Amino acid sequence: MTDQAIDAKVDAAEAAALDLANVDDADRQAALHAIADAIDDNREAIQSANAEDVEAAEELLEAGEYTQALVDRLKLSDAKLDSIVEMVRSVAGQDDPLGETLVARELDEDLELYKLAVPIGVVGTVFESRPDALVQIAALALKSGNSVMLKGGSEASESNRVLFELIREATADHDAIPEGWAQLVEARADVTAMLDMDESIDLLMPRGSSSFVEYVQDNTSIPVLGHTEGICHIFVDREADLDMATEVAFDAKVQYPAVCNAVETLLVHESVADDYLPQIVKRYAAADVEVRGDERTREIVDVAAASEADWETEYGDLIIAIKVVDSLADALDHITEHGSKHTESIISEDADHAGRFMRSLDSASVFHNASTRFSDGYRFGLGAEVGISTGKIHARGPVGLEGLTTYKYHLEGDGHLVATYAGDDPRPFTHEEFDGEWVPGELSR
């Protein structure tokens, strides 16, 4: 693909964004249900294309160039297609994020200010391995009134092309949805080109390796929403229900190890280590989880030695590091030093301990007696997510519809002048908030 081609695609997305921002929610819902129907009705074509990607990926796995985690993320089973269809319908059913009056404030009589939720505009996304991410991102962009540039990894190219064409064709049948609102980008060089398009692309959301996300952050002036690593922790407190701790730690590692919200480090209070470690290690061994432990862990159970690098590694695989700590304070210090501010969980029956843990950490999501795998837009009731943000500006944690909106101000007056409120005898503002919705050309009070 040439630079001219990427320029044309971004221009088309930018033009469509202006129209899409004004499309009624009923039309956006109908288009999303059409996407869900298209995916549901074309499973054979999707899985045929996906099989090509998986076959090529497995060859590279055997050659040592890909990991098993990447291949697992790539596969589109019937169950995964079911979840994709359900996800799109869930996004369609979410409350309309656009046009909501966030604040209504009277500045003076017949002078009213409204703060309204609006789309961001053009969102550029780059994601690897998971073709379901293309559908998630496109669905959330459409529901939130944003145009989207979709750049998937080459390992999922056949799957992405089929899914994109189904989305494009499904929405083309709806006259209210502007042509060009979604664009598929395939050439690696076009990612570099997109990084320079700060006048056309309003937000970048990379989903991939830590090094790639850091590269994007370091090489663009466009705002970037994302996280570099998912180093998630579970702390088994001295007041933990150890059976619960075993079930939660097992789920957080084994249920789907290839994702960023899977636990990577398990911290265990020294007072329960003798009872707990044999229990959880036996459970992990039954699922072929490789356990790496610090010296104190290895005095209790026979596992491989953990290195300092293990405390800062996102495995994305059936590997976990375990460390015995002396106290809740030590657990907090370890997470603060080595964590990535993604998701942490404490297993404890002591509410004070849980409260201290949850208040003391600066992570985007902090849980009590629950698996880190709950850190997910769909599970949070957001419909889906475009990614997880560990930053603190604009959006944090799983980013759903709200994270794809910003706001602007509308002011309704009746010939009001600033001069009235300045000078030697200025008229005072009332600055009184009230319940009201903005209606074009009308005053609410």
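All residue numbers refer to position in the chain's written sequence, counted from 1. pLDDT decides what is reported in this predicted model: residues at 70 or higher carry local features, side-chain atom pairs at 80 or more are listed and counted, and totals for whole chains, interfaces and linings draw on all residues regardless. The basis for the side-chain values is all heavy atoms of the structure; hydrogens and waters are excluded.

Participant: Just give me the short version of the sheet that holds strand β4 (residues 147-151), but keep the residues and values in it.
Facilitator: Here, strands pair whenever DSSP counts at least two bridges between them. Helix and strand definitions follow DSSP, with helices as H or I runs of at least four residues and strands as E runs of at least two, each counted in order from the N terminus. The parallel open sheet is built from 4 strands, whose spatial order is β5-β4-β3-β6. On the outer flanks of this sheet lie β5 (182-185) and β6 (203-207), each paired with one strand and no other. Each neighbouring strand pair of the sheet contributes to a mean axis angle of 15 degrees, computed without reference to strand direction. Both β4 and β5 contribute to a ladder of 4 bridges, which runs parallel. Directly across from Leu150, in β5, lies its bridge partner Leu184. Here, two residues are considered to be in contact whenever any of their heavy atoms come within 4.5 Å of each other. Each axis is a line fitted through C-alpha atoms, and for a helix only the stretch in contact is used; angles between axes span 0 to 180 degrees, taken between their N-to-C directions. The sheet contacts of helix α6 (residues 131-143) involve β3 (122-127), β4, β5 and β6, and relative to β4 the element is tilted by about 170 degrees. Where helix α7 (residues 157-172) meets the sheet, its contacts fall on β3, β4 and β5, and the angle it forms with β5 comes to roughly 165 degrees.

Participant: Lay out the packing of aromatic side chains in plain terms, naming residues and giving numbers.
Facilitator: The geometry of an aromatic ring pair is captured by two quantities: the separation of the ring centres and the angle between the planes. Two aromatic rings, drawn from Phe, Tyr or Trp (for Trp, its six-membered ring), form a pair once their centres lie within 6.5 Å of each other, and the interplanar angle then sorts them: stacked below 30 degrees, edge-to-face above 60, tilted otherwise. In the structure shown here, the tally under the stated rule is 6 aromatic pairs. Ring geometry for Phe367 versus Phe380: centroids 6.4 Å apart, planes at 65 degrees, classification edge-to-face. Taken together, the positions of Phe367 in strand β13 (residues 365-368) and Phe380 in the loop between β13 and β14 (387-389) put the pair 13 residues apart, joining distant regions of the chain. Seen in terms of ring centroids, Tyr407 and Tyr409 are 5.9 Å apart; in terms of plane orientation they differ by 80 degrees. Their pairing is edge-to-face. By relative accessible area, Tyr407 is classed as partly exposed at 42%. For each residue, the accessible area found with a 1.4 Å probe, counting protein chains only, is set against the maximum for its type, and the residue is called buried under 20%, exposed over 50%, and partly exposed in between.

Participant: A description of the pairing of strand β7 (residues 232-236) should follow, citing residues and the corresponding values.
Facilitator: Of all 5 residues that make up β7, 5 are buried, and the element is covered over most of its length. Here β7 shows no split at all, with Cys232, Ile234 and Val236 on one side and His233 and Phe235 on the other all buried. By convention a crossover is right-handed if, when the strands point away from the viewer, the path from the first strand over the helix to the second runs clockwise. On the question of chirality, the crossover connecting β7 to the parallel strand β8 (residues 263-269) by way of helix α10 (residues 242-254) is right-handed. The sheet contact formed by β7 and strand β12 (residues 343-347) spans 4 bridges and is parallel. The residue bridging Ile234 from the neighbouring strand is Ser345, located in β12.

Participant: Can you tell me about unusual backbone geometry, naming the residues and giving the values?
Facilitator: One non-glycine residue, Asp288, adopts positive backbone phi at about 60 degrees. Despite not being glycine, Asn369 shows a phi value in the positive range, around 55 degrees. Along the chain, Asn369 turns up in the loop between β13 and β14. Owing to a relative accessible area of 24%, Asn369 belongs among the partly exposed residues under this scheme.

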